[in-house]
Each structure stands twice: as structure tokens, then as C-alpha cells.
Amino acid sequence: EALARDARALAAEVRDPNTGLTKTRSLLQAEVELSASDRAALARKYDALQAIVVDPATGDPYWVGSIADLRKIVIDGDNLLVERIDTVEGTVGGNSASIAFLRRVVDGKEAIAQLAVTASGKVTGFRVDGQERVFAIAADRFIVGDRQIFEVDTTSELVRMRNVEVDRIRAGSVGALGLADSAVQQTAFSMTDADIVVPIYQSGGGGGGGGGGGGGDVQPILGDEDQVPPTDDGTRRIFDMTFHKQEAGSVLRLLAYINFASNDDLKCNAAILVDGITRQVCEINLGLDNANSKARAPMTIPAFLTGVPVGAHRVELIVRNFETDTALTVRAGATIEITEIKRGAL
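So, a few notes on the structure that sits alongside this text. Model, not experiment: these values are computed from the prediction.

As for empty space enclosed by the protein
Link 1 in the chain: By the definition in use, this model includes three cavities of 30 Å³ or more.
Link 2 in the chain: Roughly 100 Å³ of internal volume is contained in the largest cavity.
Link 3 in the chain: Considering the residues around the largest cavity, the lining is formed by 14 residues, among which Gln29, Tyr46, Ala48, Gln50 and Arg296 are closest to the centre.
Link 4 in the chain: Broken down by secondary-structure element, the contributors of at least two residues to the lining of the largest cavity are strand 2 (22-36), strand 3 (40-54) and strand 4 (61-76).
Link 5 in the chain: Per-element accounting of the lining of the largest cavity gives the leading share, four residues, to strand 3.
Link 6 in the chain: Taken together, the residues that form the lining of the largest cavity break down as nine nonpolar, three polar and two charged.
Link 7 in the chain: Its volume calculated, the second largest cavity comes out at about 60 Å³.
Link 8 in the chain: Together, Tyr46, Ser66, Ile67, Ala68, Thr87, Glu89, Asn259, Arg296, Ala297 and Pro298 line the second largest cavity.
Link 9 in the chain: Those elements that provide at least two residues to the lining of the second largest cavity are strand 4, strand 5 (79-92) and strand 19 (296-305).
Link 10 in the chain: Of the residues contributing to the lining of the second largest cavity, the split by class is five nonpolar, three polar and two charged.

Printed below as a string of C-alpha cells:
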């Protein structure tokens, strides 16, 4: 196996000459990771820019802007994942807004683009699935044309159209048979519409042990569901879904995307569990060595499962925070996609 990694960081900071505390800071972070083995290859590049201005009245960061760009290619046996995630975020006091743009290609068969625009805790966006030829929109109102010739209002559940010309309308022409499950694959998708706060990690037993240093080594979430620590031990369940698998010989593909934010360092992991068994764990250990460093990072978690029997299965996404003094936030717009790839597509 061959490995190569390059990580760089640049920072510019102005401190108060009287107190020594940070007044303003700009940060550049860049990381490249490459690996290759007999049947696997990984290429990943992460770039981030951040600027912070501290509120002189409180000493806390008040104006925060960040831009992050993650590019990743993963080849593992017969599986291929190519994706890019761009995130732009701005915070002023207690108000935050962000834009996240995801582009993903899977196994040369599927292409997805997703835009999530978040403001005041509400998400507006769209998702385009090239294989399914689906264009999905998350919005309270969808308008076409300067004069609103076509409008969908999801709050009132009304569709408004002007000057509609129809050759023929026949009731019942689109029914349950016309919407039958695809013979190739079926997909379930979910997106969070609000921020979720993950509490600090309580190590359990013993004294406080001094400040700083974080919560020790990052440990994976336990596999058995009844052994997963309670939510007051630094965990939050982000998704909890039931998926009905239809074919015995099919493959389950699970893909989750999370955008993390912290007021300080970011030390956490996220796990996909199926029927209480951990199927994939990814972790972030981002220590910036600055007080109130406002760490930000996106995460994508892929899992490919074979041998899963036909029937209903519980799928969960659980996040654990390993910081002992700072809660983290899973920003609105986190997504999970569960796809059963049937034998016709394999």
C-alpha cells in the first residue's frame, strides 16, 4: 500500500495589546491525501478559508465567515465514489446562513447534484438524480416566470397556473400501477430541516482532570444498538428510518452527508447502523489550537451492504461528540439516501 499526505495551515491574527486576546483572525487550511493498494485507491483534497472578528464587548467571535471545498475519489473493489462539496457560511451574532452544493457520481451509473440553502434554520434547495431522472425541490413556494405563470405553494397545498392548454384529461390514467416500484432500484431519501446540537462528551467516572486537551482518543460507536451511549453522553440520532428491502440478492447502498460546525475544535464521529449493527464509521479530529476557533467540516459516509435479507430494516445515523467542553452542531440540510440496487442493475 502506498500513502501520501500533505497538510498546511496559514493564519493571520491581531491580538489586543492589553489583554493578549484575539481581536481578528484569518485562517487558511489545506489538506491532500492519496493512497493506493491492489484494489483500492483514494484521492482527497480539502481547502478551507475562515475569517473572524471578535465582539469587543463580549470577547466572543461575532462575525464569522467560512468557505470550504472538499473533493474526493474513492475506489474500493467494484465500488466507485466521486464527489465534490462546496460550502459557504456566514454568522453574525446568533444568525447563521449557509449554502452547500453537492455533486456526486457513483459506480459510473448514478449522478446526483444537490443544493441546500439554509437561513434562519430553514432549508431551501433542490436535488437532481440523473439515473432516476428526478428533479426534487424543497421550498415553500416554487414559481416559474416573472409574472408567476406557474406557482406551487406547499403551505396551502395549492397549484396555480395561468392559461393552461390541455389536449385531454382522463381521471385515473395515472394510478398505483403506473407508479409501481422500479425493476432496477428503489431509493429512500431524507433531509433535516433544522440544526441539531450534539452535547459535550461526558467521559463517565473520575474527576474533571484539568482543562484543555479534548476527550482522549476517538472511539467508534458501539455496534449493538442497546449499547449505544445515551444522548447525554455526547450522542445524537440524526436519522431513524425504516427501509423495506424487496430482493434477496440485491445490494444496499447507503450514503449520508453531514455539515459539522463547532465554536471551538471539532472532534466527533458518525456511524451508520442497520438493525442496530454498525456498518460504517467516519470520524473527524480537527484541533486548531486556538480558543474559539470555529471549526467547520463536511463529512460523507458511504456504506455498501450485501447479504441483507428481504423485509423491513431500521437504518440510523448517529453522531457522537468527543469534545469535553464544546457542543457541536449538525447543520440543517444533512441528508441520508438508502438505495436497493436490484439484480437487474448489477
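Still more to cover.
Some points on the layout of surface pockets
Link 1 in the chain: One number sums up the size of the largest pocket: a volume of about 1100 Å³.
Link 2 in the chain: Glu33, Arg44, Lys72, Cys282 and Glu283 are, among the 41 residues lining the largest pocket, the residues nearest its centre.
Link 3 in the chain: Broken down by secondary-structure element, the contributors of at least two residues to the lining of the largest pocket are strand 1 (2-15), strand 2, strand 3, strand 4, strand 5, strand 18 (277-286) and strand 19.
Link 4 in the chain: Partitioning the lining of the largest pocket into residue classes produces 24 nonpolar, seven polar and ten charged.

Here is what the cut-offs are and how they apply
- Residues numbered from 1 in each chain as written.
- Predicted model: local features only at pLDDT ≥ 70, side-chain atom pairs only at ≥ 80, totals over all residues.
- Heavy atoms only, no water.
- 1 Å grid on protein atoms, 1.4 Å probe; cavity = no way out; pocket = protein on both sides within 12 Å on 5 of 7 lines; lining within 4 Å.
- Points joined across faces, edges and corners; volume = space filled by probe spheres on them.
- Helix = DSSP H or I, 4+ residues; strand = E, 2+ residues; numbered from the N terminus.
- Nonpolar A, V, L, I, M, F, W, Y, C, P; charged D, E, K, R; others polar.

These values are about where atoms sit, not about what they do.
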